[in-house]
Amino acid sequence: PAATNTDNPLAGYEFYANPYYASEVSSSAVPTLSAKGSATWAAKATEVAKIGSFTWLDTRAKVPTIADYAADVQKQNAAGAKLTLPLVVYDLPERDCAALASNGELSLANNGSALYKDYINSIKTQIDAFPDVFFTLVIEPDSLANLVTNTNVAKCANAETAYKELTAYAIKTLDSKNVVQYLDAGHAGWLGWPANIAPAAKLFGQLYTDAGKPASVRGLATNVANYNAWTLPTCASYQQGSKTCDEKTYITNFAPLLEAEGFPAHFVTDTGRNGVQPTKQQAWGDWCNVIGTGFGVRPTTETSEPLLDAFVWVKPGGECDGTSNTTATRYDAHCGLDDALKPAPEAGTWFEAYFEQLLVNANPAF
Ligand SMILES: O=[N+]([O-])c1ccc(O[C@@H]2O[C@H](CO)[C@@H](O[C@@H]3O[C@H](CO)[C@@H](O[C@@H]4O[C@H](CO)[C@@H](O)[C@H](O)[C@H]4O)[C@H](O)[C@H]3O)[C@H](O)[C@H]2O)cc1
Ligand SMILES: [Mg+2]
């Protein structure tokens, strides 16, 4: 059956703008831009802070933050708002297994599976404490996508069973009436290739059905922390001859394959850094701190595409993808490429120059 948007669980919601991101903007971008004499840009920076991006639960220590944000959502909703609390679940053992920049705190060798289940249980406890708050969850960026294309990487091969088992544990445990879940599914340049999209549909379909088709699992999140257009009329040279050059084509091709595997998936897609098209990527696989990018279409459930529940800002613009310091433990060569903005700090920390790049290049403009 053709997908309909009437069952969009996000319809009518706006995304909560969290105070942590706002504090990064106010403590760094506003004074820096003001000091440069750009009072106008400093004011525009504060506008960005009011746009709801996702909070990445990238350590166990971050989990209690949920309670603070949920209480704030309750307060704003009591005053007439209709906010959902957007969170990224992101702490698998051997995280980011094919890269070096975002490796996490848990490892299989150090009781990582048990600790990950504790992490998921602690998120569940927070969600259950706020039954009247609606949570939008993106589950484990890059993880399953790496199982489609990178089991040739030892770290991914060794983590494959754990990734599958723990992802199933997460979506089953987090399943709840006040939750909607989107599994991360890479992007058009990653799983959209003909060689990848069928194995991807099998993997996602298998995981979803093996987990018992949890009701809150609505579908997939695409383009998280990447730069692809939603629609790109003319494919770009860096897209290596692919016919799947944008996220709309990717999800349009993907949906029937997933449905055939018993997974009637809908989607959300990250527009937080895709405002400038085509991008200045020298190769489509360049993912780290890409130069010349801009904030894209603002988060909204008005997508005019029945398969797409919302445009979302999952990667908070201005938080780094990875350090350019070649001596750092987590240095990944992708962050040293010509199309990567340098010098860059550690993944997840504030990258002022990158925020300013996104701001001045924003499309729609601020
Ligand atoms: O001509 N052809 O016919 C043809 C056919 C197939 C081809 O092969 C495909 O080439 C693609 C690149 O074009 C590859 O996609 C890249 O895969 C990387 C992981 O390996 C991803 O990196 C992740 O990115 C995340 C953020 O998105 C980071 O958070 C994370 O840390 C980071 O690890 C890149 O995005 C993603 O663009 C595919 O695997 C590969 O199968 C190529 C040509
Ligand atoms: Mg990353």
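Residues numbered from 1 in each chain as written. Chains lettered and ligands numbered in written order. Predicted model: local features only at pLDDT ≥ 70, side-chain atom pairs only at ≥ 80, totals over all residues. Heavy atoms only, no water.

Bringing the pattern of salt bridges into the picture now. One pass over the full model with this rule turns up 15 salt bridges. Across the pair Arg 60 and Glu 105 runs a salt bridge whose closest N-O atoms are separated by 3.1 Å. With Arg 60 in the loop between strand S2 (55-57) and helix H3 (65-78) and Glu 105 in the loop between strand S3 (83-89) and helix H4 (112-128), this residue pair connects regions lying 45 residues apart in the sequence. Residue class for Arg 60 comes out partly exposed when judged on its relative accessible area of 37%. On the basis of relative accessibility, which here comes to 34%, the residue Glu 105 falls in the partly exposed class. Linking Glu 261 and Lys 202 is a salt bridge whose minimum nitrogen-to-oxygen distance equals 3.1 Å. Here Glu 261, found in the loop between helix H8 (247-260) and strand S7 (266-270), pairs with Lys 202, found in helix H7 (residues 194-210); they are 59 residues apart in sequence, far enough to count as distant. On the basis of relative accessible area, Glu 261 is assigned to the partly exposed category, the value being 26%. The network of salt bridges with common partners includes Asp 7, Arg 218 and Asp 309. (Salt bridge = Lys/Arg side-chain N within 4 Å of Asp/Glu carboxyl O. Helix = DSSP H or I, 4+ residues; strand = E, 2+ residues; numbered from the N terminus. Buried < 20%, exposed > 50% of the residue type's maximum accessible area, 1.4 Å probe, protein only.)

Asp 96, Asp 142, Asn 150, His 187 and Asn 226 are the nearest of the 17 residues found near ligand 1. For ligand 1, an oxygen atom lies 3.4 Å from a polar atom in the backbone of Trp 284. In isolation ligand 1 has 800 Å² of accessible area, and contact with the protein removes 73% of it. Among the residues making up the shell around ligand 1, the classes are represented as 7 nonpolar, 8 polar and 2 charged. (Near = heavy atom within 4 Å. Polar contact = N/O pair within 3.5 Å; in protein donor to acceptor, adjacent residues only side chain to side chain. Areas by Shrake-Rupley, 256 points an atom, 1.4 Å probe, with all protein chains shown as cover. Nonpolar A, V, L, I, M, F, W, Y, C, P; charged D, E, K, R; others polar.)

Attention now goes to the pairing of strand S4 (residues 135-139). Counting buried residues in S4 gives 5 out of 5 residues, a clear majority hidden from the surface. Residues Phe 135, Leu 137 and Ile 139 of S4 are buried on one face, and the alternating residues Thr 136 and Val 138, pointing to the opposite face, are buried as well. With 5 bridges joining them, S3 and S4 adopt parallel strand pairing. Of the residues in S4, the one forming a bridge with Val 88 is Val 138. In terms of handedness, the path from S3 via H4 over to S4 forms a crossover that is right-handed. (Pairing = 2+ DSSP bridges. Right-handed = clockwise from strand over helix to strand, strands pointing away.)

This paragraph deals with the environment of Phe 355. Along the chain, Phe 355 falls in helix H9 (residues 352-360). Taking relative accessible area as the criterion, Phe 355 reaches 0% and is therefore assigned buried. Sequence separation between Phe 355 and Gly 112 is 243 residues; the distance between their C-alpha atoms is 33 Å. In this view, Phe 355 contacts Tyr 21, Val 25, Ala 29, Ala 45, Val 48, Phe 295, Gly 317, Gly 318 and Trp 350; residues no more than four positions away in its chain are not counted. (Contact = heavy atoms within 4.5 Å.)

If you check helix H6 (residues 154-173), its first and last C-alpha atoms are 29 Å apart, about what 20 residues at 1.5 Å a residue would give, namely 28 Å. Every buried residue belonging to H6 is among Cys 156, Ala 159, Ala 162, Tyr 163, Leu 166, Thr 167, Ala 168, Ala 170, Ile 171 and Thr 173, and all of these are buried. (Expected span 1.5 Å × (residues − 1).)

All right, on to the packing of H4 against H6 then. With their axes 10 Å apart at the nearest point, H4 and H6 run at an angle of 15 degrees to one another. Taken as axis vectors, H4 and H6 run roughly parallel relative to one another. Considering only the axes of H4 and H6, their crossing is right-handed. For the pair H4 and H6, contact is made by Ser 113, Tyr 116, Lys 117, Ile 120, Asn 121 and Lys 124 and by Ala 162, Glu 165, Leu 166, Tyr 169, Ala 170 and Thr 173, respectively. (Axes fitted to C-alpha atoms, helices over the stretch in contact; angles between N-to-C directions. Parallel < 35°, antiparallel > 145°, perpendicular 65-115°, else oblique. Left-handed = near helix turned anticlockwise from the far one by under 90°.)

What follows deals with unusual backbone geometry. Leaving glycine aside, a negative phi is the common case for residues, and trans is the common case for peptide bonds. Following Lys 342, the chain continues to Pro 343 via a peptide bond in cis, the omega torsion being -5 degrees. Backbone torsion omega between Asn 363 and Pro 364 reads 5 degrees, so that peptide bond is classified as cis. The topology assignment puts Pro 364 in the segment after H9. Non-glycine residue Asn 223 carries a positive phi angle of around 65 degrees. In this structure, Asn 223 sits in the loop between strand S6 (217-222) and H8.

This next bit is on the state of the cysteines. For the structure shown, the criterion picks out 3 disulfides. Sulfur-sulfur distance for the disulfide between Cys 288 and Cys 335 comes to 2.1 Å. Between Cys 288 and Cys 335 the sulfur-sulfur dihedral comes to about 100 degrees; the bridge is accordingly right-handed. One end of the pair, Cys 288, is in the loop between S7 and strand S8 (308-312); the other, Cys 335, is in the loop between S8 and H9, and 47 residues separate them in sequence. Here the bonded cysteines of the protein chain are numbered in sequence order, and their pairing is 1-2, 3-4, 5-6. No disulfide involves Cys 320; its sulfur sits 6.0 Å from the nearest other cysteine sulfur, which is in Cys 288. By relative accessible area, which is 1% here, Cys 320 ends up buried. (Disulfide = S-S within 2.5 Å.)

Next up on the list: the nonpolar core. Soluble globular proteins: nonpolar side chains tend toward being buried together. Leu 85, Phe 135, Phe 204, Leu 220, Phe 254 and Phe 267 are the most contacted members of the largest nonpolar core, which has 68 residues in total. If one sorts the elements of this core by residue count, H6 sits on top with 8 residues. The contacts of Leu 220, once residues within four sequence positions are left out, are Tyr 182, Leu 183, Ala 185, Phe 204, Phe 254, Leu 258, Phe 263, Ala 265, His 266, Phe 267 and Val 268. Core analysis: the second largest hydrophobic core is formed by 24 residues, Ala 29, Cys 320, Leu 341 and Tyr 354 among them. (Core = buried A, V, L, I, M, F, W, Y, C linked by side-chain atoms within 4.5 Å.)

Now for the packing of helix H1 (residues 19-35) against H9. At a minimum axis distance of 10 Å, the contact between H1 and H9 shows a crossing angle of 85 degrees. One way to sum up the angle between H1 and H9 is to call them roughly perpendicular. Contacts from Tyr 21, Val 25, Ser 28, Ala 29, Thr 32 and Leu 33 of H1 reach H9 at Glu 352, Phe 355, Glu 356 and Leu 359. Counted by class, the contact of H1 with H9 contains 6 nonpolar, 2 polar and 2 charged residues.

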